[in-house]
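Tertiary structure, described
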Amino acid sequence: MRNLFDLTKEELETYFLNIGEKKFKATQVYEWLYQKREYDISKFSNLKKEIRDKLTMDFNTNLITIEKKETDNLTHKYLFRLFDNNFIEAVVMHHDYGSSICVSSEVGCNMACKFCESGRQKKIRNLEAYEIVEQILVIEQDLNMHLSSVVIMGIGEPLDNFANIIRFIKIINDPKGLQIGARHITLSTCGLVPKMYELSKLPLQINLAISLHAPNDQLRNALMPVNKVYNLSTLMQGIKDYLSVTGRRITIEYVMLNNVNDKLEYAQELASLFKGMNIYINLIPYNETNHLEFKRSSKKNIMAFYDCLKKNGLNVTIRKEFGRNINAACGQLRGSMKQV
Ligand code: SAH
């Protein structure tokens, strides 16, 4: 039996056509689920009983459950239990302009970035689209609020779970679904270049962020094994092609690791890589974890790096820190949980 939150509106329309019903019934179901937040199919009162019965036979609306929650004033971190007793995380951050959620895309991650807690935990499986949609639904219910933007930057490599991520984006972006505008959705990838090309061809106006973290192959190979498959020049070509196909700006993420990638010569290298391109660089203060030897760059080094990039004409921001007190780096909460 399939989970009803797994279907795009088009898929639900096809379902209704296949059972001899009008396709606008899909819109009605979407309104119950995503606007009225009614998850009991028997209460979908504008559908006749035989349709409700048929739906109940074909679908469930089971939700993933909150296993643990940690809160400081601006951040809520959730650990979810899935139906097969795996765990994933999501984080909510409150900003001046609204609240954003960082969702997980996979159970574990195979990218094995050296500084990343999730990378220590091998991928167990993809998340289904409904398991990503439900991270939003369950948290909105728990906090009794509306989340205005979504970043796909939790556990997992989203482009390694491409089909389900696209389905997830379509569901939350649908005007009858969660109505989260594409420009409020950001997908972050470590650089699976062929999938970036696939993404660029889809008519989705979402934001793309690339986890770069190093301006040359030697350093990037040491930090991110994916670079041995898609090296920097392949990635740079992918970025250029993405920019020209979509016309949309890309965010370059650069996590600041003390004495590893924070030397000024690397800022110079970065500047020459990206000069004149429609990108901006987001410097991310590293969240230290208990298991990994990396340390966060000092404020002074981060500022010097920032100034150097600015002087070279690049758009740069430093990521505001969230949830340092509650181990908000992705994978940290899950890592602290014994698998059952
Ligand atoms: N796999 C995707 C998305 C998940 S990781 C990607 O690589 O982009 C989201 C971002 O968090 C990446 O930029 C990742 O490099 C970064 N990250 C991982 N561990 C971190 C930590 N401890 N502190 C700060 N950023 C971290």
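That block above? That's the structure.
So, here's what we can say about the structure. (Residues numbered from 1 in each chain as written. Predicted model: local features only at pLDDT ≥ 70, side-chain atom pairs only at ≥ 80, totals over all residues. Heavy atoms only, no water.)

**Here's the deal with the site of the ligand**
So the rule is basically this: Only a single heavy atom is needed: when it lies within 4 Å of a molecule or strand, its residue is near that molecule or strand. Pairs of N or O atoms within 3.5 Å make up the polar contacts considered here, provided that, within protein, one atom can donate a hydrogen while the other can accept it, and that residues adjacent in sequence are counted only when both atoms are side-chain atoms. For accessible areas, the Shrake-Rupley method is used with a probe of radius 1.4 Å. Any residue's cover is judged against the shown protein chains and nothing else.
Taken together, 18 residues lie around the ligand, and Gly156, Ser188, Ser211, His213 and Asn287 are the ones closest in. Contacts to the ligand include Gly156, whose backbone N or O atom sits 3.0 Å from a nitrogen atom. Here Asn287 contributes a backbone N or O atom positioned 2.9 Å from a nitrogen atom of the ligand. For the ligand, whose unbound accessible area comes to 530 Å², protein coverage reaches 93%.

**Some points on the nonpolar core**
Stated precisely, the cut-off is as follows: As used in this record, nonpolar core signifies buried Ala, Val, Leu, Ile, Met, Phe, Trp, Tyr and Cys residues forming a set joined through side-chain atoms within 4.5 Å. The buried label applies to any residue whose accessible area, calculated with a 1.4 Å probe on protein chains only, is under 20% of its type's maximum; exposed applies above 50%, and partly exposed to all values in between. Per the convention used, a helix needs a DSSP run of H or I reaching at least four residues, while a strand needs a run of E reaching at least two, with both numbered from the N terminus. Where each domain begins and ends is defined by an automated method or by a domain database. Here a residue-residue contact requires only that any non-hydrogen atoms of the pair lie within 4.5 Å.
Ranked by internal contacts, the top residues of the largest apolar core, which has 107 residues, are Phe168, Ile239, Phe274 and Ile281. Per-element tally for this core: the top contributor is helix 4 (residues 129–143), with nine residues. A domain split of this core shows at least three residues from each of domain 1 (2–60) and domain 2 (65–338). The contact partners of Phe274, leaving out residues within four places of it in the chain, are Leu212, Met236, Ile239, Ile252, Ile279, Ile281 and Leu314.

**Brief notes about the pattern of salt bridges**
We apply this condition: Here, a salt bridge means any side-chain nitrogen of Lys or Arg that lies within 4 Å of a carboxyl oxygen of Asp or Glu.
As enumerated under the stated definition, the model contains 23 salt bridges in all. Taking the shortest distance from any N to any O, the salt bridge between Lys77 and Glu89 comes out at 2.6 Å. Here Glu89 lies in strand 5 (residues 87–95) and Lys77 lies in strand 4 (residues 75–81), a separation of 12 residues in the sequence. As far as burial versus exposure is concerned, Lys77 and Glu89 are alike and both buried. A salt bridge links Glu131 to Arg125; its shortest N-O distance comes to 2.9 Å. Glu131 gets classed as buried once you look at its relative accessible area, which sits at 2%. With relative accessibility at 22%, the residue Arg125 sits in the partly exposed group.

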